[in-house]
Amino acid sequence: MTQSSTYAVAPPPPVVLPITGSDAVFPVRRVYCVGRNYADHAIEMGHDPDAEPPFFFQKNPDNLVTTGRFPYPAASQDVHHEIELVIALKSGGRNIPAEAAFDHIFGYAVGLDMTRRDLQSVAKKAGRPWEVGKAFERSAPVSPITPIGDAGRMEAGAIRLTVNGTARQDGDLNQMIWKIPEIVATLSGLFTLAPGDLVFTGTPAGVGAVASGDRLVGEVDGLEKLDVTVMPAE
Ligand code: MN
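Note that the structure is predicted; figures quoted are calculated from it, not measured.

Moving on: the environment of Val122. Summarising the element assignment, Val122 is placed in helix H2 (residues 117-126). Between the C-alpha atoms of Val122 and Glu155, which are 33 residues apart in sequence, the distance is 34 Å.

Between side chains of opposite charge, a pair can form when the charged atoms approach closely. What the rule picks out here adds up to nine salt bridges. When the shortest N-O distance is used, the salt bridge between Lys134 and Glu82 registers 3.3 Å. Of this pair, Lys134 sits in helix H3 (residues 131-134) while Glu82 sits in the loop between strand E7 (79-81) and strand E8 (83-89), placing them 52 residues apart in sequence. Accessibility assignment for this pair places Lys134 and Glu82 in one class, buried. Salt-bridge contacts for Arg160 lead to Glu219; the nearest nitrogen and oxygen are separated by 3.9 Å. One end of the pair, Arg160, is in strand E13 (residues 158-163); the other, Glu219, is in strand E17 (residues 215-220), with 59 residues separating them in the sequence. On the basis of relative accessibility, which here comes to 26%, the residue Arg160 falls in the partly exposed class. When salt bridges with common partners are traced through the structure, they connect Lys59, Glu82, Asp113, Arg117 and Lys134 into a single cluster.

Binding of the manganese ion to the protein goes through Glu82 (OE), Glu84 (OE) and Asp113 (OD), at separations of 2.0 to 2.1 Å. Between the donor residues of the manganese ion, the gaps in sequence give the motif E-x1-E-x28-D. Separated by 31 residues along the polypeptide, Glu82 in the loop between E7 and E8 and Asp113 in the loop between strand E9 (105-112) and strand E10 (115-116) bring together distant segments of the chain. A residue is classified by how much of its surface remains accessible, and Asp113, at 1% relative accessible area, is buried.

Only a minority of non-glycine residues have a phi that is not negative, and only a minority of peptide bonds are not trans. Of note, the phi angle at Met154 is positive, near 60°, even though the residue is not glycine. Residue position: Met154 is located in the loop between helix H4 (148-151) and E13. We classify Met154 as buried; its relative accessible area is 6%.

Here Thr229 shows up in strand E18 (residues 226-231). Judged by relative accessible area, which is 29%, Thr229 ranks as partly exposed. On a C-alpha basis, the gap between Thr229 and His41 in space is 24 Å, while along the polypeptide they are 188 residues apart.

Inspection of every chain in the model, using the stated rule, returns two cavities of 30 Å³ or more. Looking at the largest cavity, it is lined by 18 residues, and the ones nearest its centre are Gly35, Arg36, His41, Glu82 and Lys134. Looking at the lining of the largest cavity, the elements that each hand over two or more residues are strand E3 (31-35), strand E4 (55-59) and H2. With three residues, H2 is the single largest residue contributor to the lining of the largest cavity. For the lining of the largest cavity, the per-class residue count stands at five nonpolar, six polar and seven charged. Lining of the second largest cavity is provided by Arg36, Ala42, Pro49, Glu52, Pro53, Pro54 and Ile177. In terms of residue class, the lining of the second largest cavity is built from five nonpolar, no polar and two charged.

What follows concerns H2. For H2, the set of buried residues is Arg117, Gln120 and Ala123. Looking straight down H2, one finds its buried side chains confined to an arc of 120°; they lie on one side. Taken together, the buried residues of H2 touch helix H1 (39-44), E7, E10 and H3. Of the residues trailing H2, Gly127 is marked for its positive phi of about 70°.

What counts, and where the lines are drawn
Residues numbered from 1 in each chain as written. Predicted model: local features only at pLDDT ≥ 70, side-chain atom pairs only at ≥ 80, totals over all residues. Heavy atoms only, no water. Helix = DSSP H or I, 4+ residues; strand = E, 2+ residues; numbered from the N terminus. Salt bridge = Lys/Arg side-chain N within 4 Å of Asp/Glu carboxyl O. Buried < 20%, exposed > 50% of the residue type's maximum accessible area, 1.4 Å probe, protein only. Donors = N, O, S within 2.8 Å, 3.2 Å for Na, K, Ca; no water. 1 Å grid on protein atoms, 1.4 Å probe; cavity = no way out; pocket = protein on both sides within 12 Å on 5 of 7 lines; lining within 4 Å. Points joined across faces, edges and corners; volume = space filled by probe spheres on them. Nonpolar A, V, L, I, M, F, W, Y, C, P; charged D, E, K, R; others polar. Arc of directions from axis to C-beta. Contact = heavy atoms within 4.5 Å.

Coordinates in, geometry out; function isn't part of it.
The following block contains the structure:
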């Protein structure tokens, strides 16, 4: 772009996440998600966790929300919560060895991979892509990022979600089929990773439908909690 170029339409605003204990913000480049990364969730969705390796899909950076409000989305009657640990990368590259994965991690957050399950099920049966089920407006509520120096490596620890005070999802990060180093290594063999990339690392069992008015509180030990209210459809 030359100096004299002008934007033909307004450029999108940058997507940034707050950082615990800092005035700086984290600029988001891409949002990757791991599918079926906890055996008990794979089983509840009708899959054999030993029969297939985990796989990846993406959401859009502007699907992230930090306001604590999740408006019930259009075109679905079956929207599910999936509580997940989110990795935030400070650097990237290709073919990162698993042993070097933690060197690339800026920090961690708590995220919700909100899913239009009815639309995802139609896509699965038809062999179609998952975007309509996964990458819709405000489908990715996320907490502030805690730097890895404060959070630790997050290889184990409770991950849980309550809905209106009732426990719905309750697992441990050590139940991941693919661990953090393997996730970073494998993703970097498929894509060129870079600063600002996020990775949602999959959800434990207990996913279920939400309704307008529900209050979702997600917690991962050592991170700031995620407190989200489901708002009426807009
Ligand atoms: Mn998920």
